[in-house]
Amino acid sequence: MANFHIVAGASDAPAHPVVRHISPSDLREALRKGFNDFWAMPSHLVFLGLIYPVLGVCLAALTFTNNALPLLYPLASGFALIGPFAGIGLYEISRRRELGLSTSWRDAFDVLKSPSIPSIIGLGVVLLVIFLVWLTTARLLYEAMFGYAAPSSYPAFMDQVLSTPEGMRMIVLGNALGFVFALAVLSISAISFPLLLDRDVGVAVAVYTSIKAVVMNPFTMALWGLIVAAALLIGSIPLFVGLAVVMPVLGHATWHLYRRVVEPPSPEEAHPAVQGKSPQSMAERIRDRM
């Protein structure tokens, strides 16, 4: 029964959320609100934001020390594949701020009390598997082009990639494969995690709703994917330290994008009362802030 709850949610017949059509102006508004959330509480978000650049530096150091230079770029670009799950605490902070509740870095961990936490973890594991498959694919592509021998040094690796026909083919094929992985993750997780945090609908409904949002808004959601990829790339270039700002802003903006894509829940669908606020008052607050 627990496994069924993860997939199908708390209800025997979960209602499918209503998906709206959105435009690039909605992306601009989501980003604006994301910046507002970040600047309203920067001292709280530094703690969360620094997790990601520290992790990135550790991964980069591991890459250099283990002669796994071919995985450096896949690791950096792979942040986009696990970012939707990594930002779950930021969604919770934006949710609480939207409802007028207290907000501090400790509140980010309230997501662990969510009735949807099994579904959130389950979908997070799916993204982690996709990330590992991406790294394996990138490694196999490098070995198909250059063999199994590790590069002798970083300059030699860069010369190998940028000045040989095999390197050019690897760049083209690698980015094409990366696009496929990114499209898959965008489709299943663009709004899945905020939806699960907001309503205990289960992985199946969350993924279906996210795919539906992408299908109904192909241009706008593709533009959102490009914005996320470009921001993560820019944030990763200076030894990943830029992610301390990029990740919190994108995390908050994702929550507000979800609000613009999906109709607010009815009082019956809303999660139980939080700090004395009834589900109905929560739903009314959400509608008032849309």
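Preceding this paragraph is the structure being described.
Rules used throughout
Residues numbered from 1 in each chain as written. Predicted model: local features only at pLDDT ≥ 70, side-chain atom pairs only at ≥ 80, totals over all residues. Heavy atoms only, no water. Helix = DSSP H or I, 4+ residues; strand = E, 2+ residues; numbered from the N terminus. Expected span 1.5 Å × (residues − 1). Buried < 20%, exposed > 50% of the residue type's maximum accessible area, 1.4 Å probe, protein only. Contact = heavy atoms within 4.5 Å. Axes fitted to C-alpha atoms, helices over the stretch in contact; angles between N-to-C directions. Parallel < 35°, antiparallel > 145°, perpendicular 65-115°, else oblique. Left-handed = near helix turned anticlockwise from the far one by under 90°. Polar contact = N/O pair within 3.5 Å; in protein donor to acceptor, adjacent residues only side chain to side chain. Core = buried A, V, L, I, M, F, W, Y, C linked by side-chain atoms within 4.5 Å. Arc of directions from axis to C-beta. Salt bridge = Lys/Arg side-chain N within 4 Å of Asp/Glu carboxyl O. Phe/Tyr/Trp six-rings, centres within 6.5 Å; stacked < 30°, edge-to-face > 60°.

**Q** When you look at helix 11 (residues 202–216) in this model, what are you seeing that I'm missing?
**A** Side chains of residues three or four places apart in an α-helix project in the same direction, reflecting 3.6 residues per turn. A rise of 1.5 Å per residue sets the reference length of helix 11, with its 15 residues, at 21 Å; its end C-alpha atoms lie 21 Å apart and thus fit the reference within 8%. Every buried residue of helix 11 is listed here: Gly202, Val203, Val205, Ala206, Val207, Thr209, Ser210, Ala213 and Val214.

**Q** Explain the environment of Phe146 to me, please; I cannot follow it from the model alone.
**A** Of note, Phe146 is situated in helix 7 (residues 117–146). Sequence separation between Phe146 and Gln160 is 14 residues; the distance between their C-alpha atoms is 8.7 Å. Setting aside its immediate chain neighbours within four residues, Phe146 contacts Gln160, Thr164, Glu166, Gly167 and Met170.

**Q** Can you help me understand the packing of helix 6 (residues 88–98) against helix 13 (residues 243–261) in this one?
**A** When two helices pack together, their arrangement is given by the angle between the helix axes and by the axis-to-axis distance. Where helix 6 contacts helix 13, the axes come no closer than 8 Å and their chain directions differ by 55°. Taken together, the axes of helix 6 and helix 13 are oblique relative to one another. Regarding helix 6 and helix 13, the two cross each other, and that crossing is right-handed. Residues Leu90, Tyr91, Ile93, Ser94, Arg95 and Glu98 of helix 6 form the contact with helix 13, whose participating residues are Met247, Pro248, Gly251, His252, Thr254, Trp255, His256 and Arg259.

**Q** Quick question: what am I supposed to make of the side chain of Glu98 here?
**A** Checked against the element boundaries, Glu98 lands in helix 6. Overall, the relative accessible area of 8% leaves Glu98 in the buried class. A distance of 3.4 Å separates polar atoms of two side chains, one belonging to Glu98 and the other to Trp255. Of the polar contacts made by the side chain of Glu98, one reaches the side chain of Arg259; its length is 2.9 Å.

**Q** What should I look at first to understand the nonpolar core in this one?
**A** Grouped burial of nonpolar side chains is what soluble globular proteins tend to show. Counting residues in hydrophobic clusters, the biggest one holds 53 residues, and the most contacted among them are Ile120, Phe193, Trp224, Leu232, Leu250, Leu257 and Val261. At 9 residues, helix 13 tops the list of elements feeding residues into this core. If near-sequence neighbours (up to four positions away) are discounted, Phe193 is found in contact with Pro84, Phe85, Ile88, Tyr91, Ile120, Leu123, Gly124 and Leu127. With 7 residues, the next largest nonpolar core counts Leu69, Tyr142, Phe157 and Val161 among its residues.

**Q** Sorry, what's going on with helix 12 (residues 218–236) here?
**A** Between its first and last C-alpha atoms helix 12 spans 27 Å; for 19 residues at 1.5 Å apiece the expected length is 27 Å, and the two agree. Those residues of helix 12 that fall on the buried side of the exposure criterion are Thr220, Met221, Trp224, Val228, Ala231, Leu232, Gly235 and Ser236. Along the axis of helix 12, the buried residues cluster in a sector spanning 140°; they form a single face. Facing away from the buried side of helix 12 by over 90 degrees, the exposed positions are Pro218, Phe219, Leu226 and Ile234. Among the structural elements, helix 2 (24–40), helix 4 (72–77), helix 5 (79–86), helix 9 (165–189), helix 11 and helix 13 are those in contact with the buried residues of helix 12.

**Q** Where do I start with the pattern of salt bridges in this structure?
**A** If the charged atoms of two oppositely charged side chains come close together, the side chains can form a pair. In total, this model carries 9 salt bridges according to the counting rule given. Of the charged contacts in the structure, one is a salt bridge between Arg32 and Glu29, with a shortest N-O distance of 2.4 Å. Taken together, the residues span about one helical turn, with Arg32 and Glu29 both in helix 2 at a distance of 3 residues. Assessed through its relative accessible area of 22%, Glu29 is described here as partly exposed. The salt bridge involving Arg139 is made with Glu143; its shortest N-O contact spans 3.2 Å. Taken together, the residues span about one helical turn, with Arg139 and Glu143 both in helix 7 at a distance of 4 residues. According to the relative accessible area criterion, Glu143 is buried, its value standing at 18%.

**Q** Honestly, the packing of aromatic side chains in this entry has me stumped. Any pointers?
**A** Remark: the centre distance and the inter-plane angle together describe each pair of aromatic rings, the angle taken between the planes. Tallied over the full model, the rule gives 6 aromatic pairs. Centre to centre, the rings of Trp134 and Phe181 are 5.6 Å apart; their planes meet at 55°, and the pair counts as tilted. Separated by 47 residues along the polypeptide, Trp134 in helix 7 and Phe181 in helix 9 bring together distant segments of the chain. When sorted by exposure, Trp134 lands in the same class as Phe181, which is buried. With a centroid separation of 5.4 Å and 55° between ring planes, the pair formed by Trp255 and Tyr258 is classed as tilted. Taken together, the residues span about one helical turn, with Trp255 and Tyr258 both in helix 13 at a distance of 3 residues. Under the relative-accessibility criterion, Trp255 is labelled buried at 0%. Among the residues examined, Tyr258 registers a relative accessible area of 0% and is labelled buried. A network of ring pairs unites the aromatic residues Tyr142, Phe146 and Phe157 as a single cluster.

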